[in-house]
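Spelled out, the chains give:
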Amino acid sequence: MIQVTQETRQGWHVVGVTGRADAEAADVLETALRSAVEGHSKVAADFHALDYISSAGLRAVLQAARAAQSRGTEFAVCALSAPVQKVFTMSGLHHVLQIYGELPC
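Just so it is clear, the model here is predicted, and its values are computed rather than measured.

1. Topic: the overall build of the chain
On a plain count of helices and strands, the chain comes out with three helices and five strands. Secondary structure elements of the chain occur, N-terminal to C-terminal, as β-β-α-β-α-β-α-β. Relative to the globule expectation of 13 Å for 105 residues, the C-alpha radius of gyration of the chain, 12 Å, shows essentially globular dimensions. C-alpha atoms of the chain, sized along the principal axes, occupy 30 × 25 × 25 Å. The buried share among the 105 residues of the chain stands at 46%. The contacts of the chain with a sequence gap of at least 6 include a subset with a gap of at least 24, amounting to 69%. Surface accessibility of the chain: about 5,500 Å² in total, with carbon and sulfur atoms responsible for 48%.

Below you can see the structure in the form of C-alpha cells.
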C-alpha cells in the first residue's frame, strides 16, 4: 500500500510516495504521476519514504516518464531510499531516468 502527497517546491510539483509500490499499488502510483505530468511543467517523484518497489512499480514510473517526455514536461525521481536505489540500479533505469539525490530537484 502507498500513500501519495503532492506539493509545489521551488518550481517543481513534487509527488511524495510512502510505503510499498507493488503490483497492488502500481495503478495508484501511475495515476498520481501521470496526473502531475499533465498539469505541471516540472514533476519530481520523491521516493525517500518508499520502502519497496516491484517491477509493476517500476513500470508505473517509466510510463509516467514517457508521458512526461511526450508532453515536454521535465520529470525526475529524487531522494531514493537505499532499497529502492538498489532496484533502480539493478534494473538499469538509472541510465534512462533523471535521478537526483535530494529535493528539490
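2. A closer look at the sheet that holds strand 3 (residues 42-53)
The mixed open sheet is built from five strands, whose spatial order is 1-2-3-4-5. If you trace the sheet from one side to the other, it starts and ends with strand 1 (2-9) and strand 5 (98-100), each paired once. In this sheet, neighbouring strand axes are inclined to one another by 25° on average, regardless of whether the strands run parallel or antiparallel. In this structure, strand 1 lies alongside strand 2 (residues 12-21), joined through eight bridges in antiparallel fashion. Paired with R9 across the two strands is W12, which belongs to strand 2.

3. Section: the packing of aromatic side chains
This model, assessed by the stated rule, comprises one aromatic pair. Both rings, one in F47 and one in F88, keep their centres 6.3 Å apart while their planes meet at 50°; by these two values the pair is tilted. Here F88 lies in helix 3 (residues 82-91) and F47 lies in strand 3, a separation of 41 residues in the sequence. By relative accessible area, which is 0% here, F47 ends up buried. Sitting over the face of the ring of Y52, R20 holds its NZ or CZ atom 4.2 Å from the ring centroid.

Cut-offs applied
- Residues numbered from 1 in each chain as written.
- Predicted model: local features only at pLDDT ≥ 70, side-chain atom pairs only at ≥ 80, totals over all residues.
- Heavy atoms only, no water.
- Helix = DSSP H or I, 4+ residues; strand = E, 2+ residues; numbered from the N terminus.
- Rg over C-alpha atoms; globule rule 2.2 N^0.38 Å.
- Buried < 20%, exposed > 50% of the residue type's maximum accessible area, 1.4 Å probe, protein only.
- Contact = heavy atoms within 4.5 Å.
- Areas by Shrake-Rupley, 256 points an atom, 1.4 Å probe, with all protein chains shown as cover.
- Pairing = 2+ DSSP bridges.
- Axes fitted to C-alpha atoms, helices over the stretch in contact; angles between N-to-C directions.
- Phe/Tyr/Trp six-rings, centres within 6.5 Å; stacked < 30°, edge-to-face > 60°.
- Lys NZ or Arg CZ within 6 Å of the ring centre and 35° of its normal.

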